[in-house]
Amino acid sequence: MDPTTKFAGLPLLAWIPVLPLLGALINLTIGRRLSRQTVHTIAIAAVVGACALSLFLVFGPLWAEFKSRDGVYSIEQNVYTWIEVGAFKVPLALRLDTLSSVMILVVTFVGSLIHIYSTGYMAHEPRYAAYFGYLNLFMGSMLILVLASNMPVMFIGWEGVGLCSFLLIGFWFEKDEYAAAGRKAFVVNRIGDFAFLLGMFLLFWATKDMSADALFTAASAKLQAATDLDPELKGQALQTLKQTIADRGSLDFANLANPAMGKIYVEGFWGGERLAAAAGILLFIGACGKSAQLPLHVWLPDAMAGPTPVSALIHAATMVTAGVYMVCRLSFLYSSSTTAMIVVATVGLITALAAAFMAMAQTDLKKVLAYSTVSQLGFMFVAVGTGNWVAAIFHLGTHAFFKACLFLGAGSVMHGMEHGGSATPGDIMQMGGLRKHMPITRITFMVSCLAIAGILPFAGFFSKDEILGGAFLVNPPGWPAWYGEILWIGLLVAALGTAFYMWRLYFLVFSGDERSDSARKAHESPASMTAPLVVLAVLATISGAIGLPHLSIKLPAFTHALATWIAPSVVPNFFDPITGDPAIAGHASDTMTFILMGVALAVGAAGIGLAWLFYGRGPTPTLERLVEGPLAPLYRASKAKLWFDEIYDVLIVRPFRGLARGLYEIVDRFIIDTIAVTGAAFVIGLLGRVSRWFQNGQVQRYLSGLVVGAAAVFFITDCKTKPTFEYKRAGDMIELHASPGAGVVGKNSKLTWDITGDELADNDATGKLLAGPDVTVRAGDITSPKVTLIIEDPVTRKTVKVTRVIELAVQPDEPQEGK
Amino acid sequence: MTDILFNVGYGHFLVLAAVLFLIGVAGVLIRRNALIILMSVELMLNAANMTLVTFSRMWGGQEGMSGHTFALIVIAVAAAEASVGLAIVVAVFRGRRNVDVDRLTTLRH
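Residues numbered from 1 in each chain as written. Chains lettered and ligands numbered in written order. Predicted model: local features only at pLDDT ≥ 70, side-chain atom pairs only at ≥ 80, totals over all residues.

A. Main features of the overall build of chain B. Helix and strand counts for chain B come out as four helices and zero strands. Each helix (α) and strand (β) of chain B, taken in turn from the N terminus, gives the series α-α-α-α. C-alpha atoms of chain B, sized along the principal axes, occupy 55 × 30 × 20 Å. When each of the 109 residues of chain B is scored for burial, the buried share is 12%. Residue pairs in contact within chain B that sit at least 24 positions apart in sequence constitute 51% of those at least 6 positions apart. (Helix = DSSP H or I, 4+ residues; strand = E, 2+ residues; numbered from the N terminus. Buried ≥ 20, exposed ≤ 12 C-beta atoms within 10 Å, placed from the backbone. Contact = placed C-beta atoms within 7 Å.)

Given below as structure tokens:
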């Protein structure tokens, strides 16, 4: 596509985020005056429009690029130059490549469904327009994040989605705990964002600071030496190189990923791969905040305070996956640092295990799903941490479908329970037997549970199997061979846990008998809510087909569509950024692939079986015995979410609150309030009281001030005007200069000089009387160092004598001067 | 000592003028009676006249008359000022039976 293609003055690509942003603008400004019908029509039209435009751009121009040319698989459009400071330039540019195309399709598609679902779920909400406005604002920010062509623009989206997340978690802020949940999400995300910024600055610093000339010389010499390249290609490469160096510090992803830049990560900072590791880990901390990884996961379970469609869209399907997407986007950076990759994979694994464990004893429907999301995000981070970018994005997509379906199903269940009269609609202990009352919800929920548990042929099976297989085969340079197997075993345990807690949830909600009146009275939700469920369930079933494992049997091309499609936008899992050589990745034989798939399937089935055993017809007595007996400590740990909140409370919240209290008492109350504010007022008051004594309106008081002032002026001026004289040596002559002052001695005074020390007027060598303010005498004629200026005033008949001892000896090099 | 007493020069006139001026200033500052204050102002004006005449003689010699002229103008103006001032003081005294400046605060409030 021609990069200058515009529609209504804006580049075509920019319309994808702009459409939802416009919707947000309308709904947030004049939405309150519009009818509900208009509000949701605008919101849905904006998102569906963005979805349609995405589909057109991906399957039209981008597809054509992908088919026709080699090397260029992206459409870039510049809206305008946002920041330009010296050589540093940040254009507000958007780039659609194969990686971001998958994201925008998932985001706009799931987003459209959730907007439609919201019209049913939020039908009775008083702040209807605000809700849809925030939702649209979120869509716009998310699309900016995904489409950004450089890090600062990505950061706009990154912060934008954080803001919308905060607004929507605390949407029902009338309840204190909901508002607190919003604040918690915001604060925890800020911690991550701070690290993200640091990582970004580090990259900027590294790419800006390098010696451009040296780099260019080295790289162009290497190019010239390559004799097997044809000259035209060489010229193009040189041109690219020049552009790269001109763009240094631009933080554009394409520039950063340039092989010439790759050297910087390895050579530019302390040597070794440390820059890549430091930047990668800092950015990953940012991803931890956004994607709820340990130890910054604590906000996500609380985020369930928001409306359920919001949980589905933001806190399951899209926003929380931004961290995974960011790491994939920066695949070139992470691939060049084994350390950063290991950190990512390890944190991902620990999160997957811990969150799965915490999910097991939760009794709130949405809390279980929240921990499940944290755990699944852990899986995705293991995938990116093993360089398995395709699997990460694959799982991201399938997870978006089945988790959105689960959340929307949960919303539907809670909707039904609420209509049945339940005050705690999320309590799964009150449910049971809902299969009879909510058939559509139940079927779609079951399909999604099968998908997340990893049962063939549902989508989750293939995506999770890709992650497991990738982890099993990974062998980072310099690490033992069993590293991958450890990851694999850990993931299997997490997968077992996933299957167990998801099916525990399913059985508790839908199987057995109703455990409360509200469950008996529950009914199916309206079509606007069930239709998206059905669509998502269908996708959760079939979307696995585009990412089948590579086998020696020839499968149709579409079964590997995702891998082929994403490959140009990411780099191989581990590579040497100097040579650009990928580390040899392990490749599984067909037998191995089938064994791995079989094990994963068996583990999923075992998890479901266990869940059925304990919860198949509601909670069993065996289970209660176990929970109160041998498993009691584990149960308590899971129930208390591993005491993360409590530990943070003791380690961070309380000391911080103490510090804030101290600052408040000392800095605010004492230094600022007492000293700076009250103190300043007191000093001014004191000055006022003093000046009030003068300014009392009595002329006599003013006059006394005037007299004292005048006397002072006279005294001071008189001090400075005593008669004196100066001398200066010029060669062997001495110049004498009289300053008679301004006292009693006036301009008519007669000035004579004594140079013999007898205090009587003397003549000079020629016999002339030394008189007048300026005289010059030979140094030799001065017989005494005591020189006297004699001032005679004819009017007052007064004589004043000023005597000074002057320096006669000549210093060899410096001219004598004195006063 | 005798020199100072009998050899009268410009210095004597200037010192006398300064003493008169200070007496006038002290009177203006210390006394509260409007009449006395007016008298003190007259004293200060006369001290100023005296220095004018002295300096005129000092710098202008026998012929210099500008200082003397100026002194005469000051005397004329002072006479006018004194008549206006005295008229005000008399008017105030008629109204209030006293001319204490500390109590003449009607215009301040």
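What follows continues from the structure just given.
B. Main features of the nonpolar core. Residue and element names in this part refer to chain A. Membership of the largest hydrophobic core comes to 217 residues, with the highest contact counts inside it found for Val382, Ala404, Leu491, Trp503, Leu536 and Ala540. Counting residues per element, this core draws most heavily on helix 18 (residues 389–419), which supplies 19 residues. Among residues more than four places away in sequence, those in contact with Ala540 are Thr398, Phe401, Phe402, Cys405, Val447, Ser448, Ala451, Phe458 and Ala459. The next biggest cluster of nonpolar side chains, apart from the first, holds 13 residues, and it includes Ile734, Val775, Leu789 and Ile790. (Core = buried A, V, L, I, M, F, W, Y, C linked by C-beta atoms within 7 Å.)

C. Summary view of helix 3 (residues 34–60) of chain B. Taking 1.5 Å of rise per residue, the 27 residues of helix 3 of chain B would be expected to cover 39 Å, and the 38 Å separating its terminal C-alpha atoms lies within 8% of that figure. Contacts made by the buried residues of helix 3 of chain B are with helix 2 (10–30) and helix 4 (66–96) of chain B. (Expected span 1.5 Å × (residues − 1).)

D. Layout of the environment of Asp781 of chain A. Residues and elements named next belong to chain A. Tracing the sequence through the fold places Asp781 in the loop between strand 8 (774–778) and strand 9 (786–793). For Asp781, a count of 15 C-beta atoms within 10 Å corresponds to the partly exposed category. Separated by 742 residues in the primary sequence, Asp781 and Val39 have C-alpha atoms spaced 110 Å apart. Aside from chain neighbours lying at most four places away, what touches Asp781 is Ile755, Asp764 and Ala765.

E. Focus on the sheet that holds strand 10 (residues 798–805) of chain A. Residue and element names in this part refer to chain A. The antiparallel open sheet is built from three strands, whose spatial order is 7-9-10. The sheet is open, and its two edges are formed by strand 7 (750–754) and strand 10, each paired on a single side. Within this sheet the neighbouring strands show an average axis-to-axis angle of 20°, counted without direction. Bridging between strand 9 and strand 10 involves eight bridges; their strand directions are antiparallel. Note on strand 10: the bridge partner recorded for Glu792 is Thr799. (Pairing = 2+ DSSP bridges. Axes fitted to C-alpha atoms, helices over the stretch in contact; angles between N-to-C directions.)

F. Quick look at helix 11 (residues 274–290) of chain A. Here helix 11 of chain A spans 24 Å end to end across 17 residues, near enough to the 24 Å set by a 1.5 Å rise per residue. For helix 11 of chain A, a buried count of 15 out of 17 residues is recorded, marking the element as mostly surrounded by other parts of the structure.

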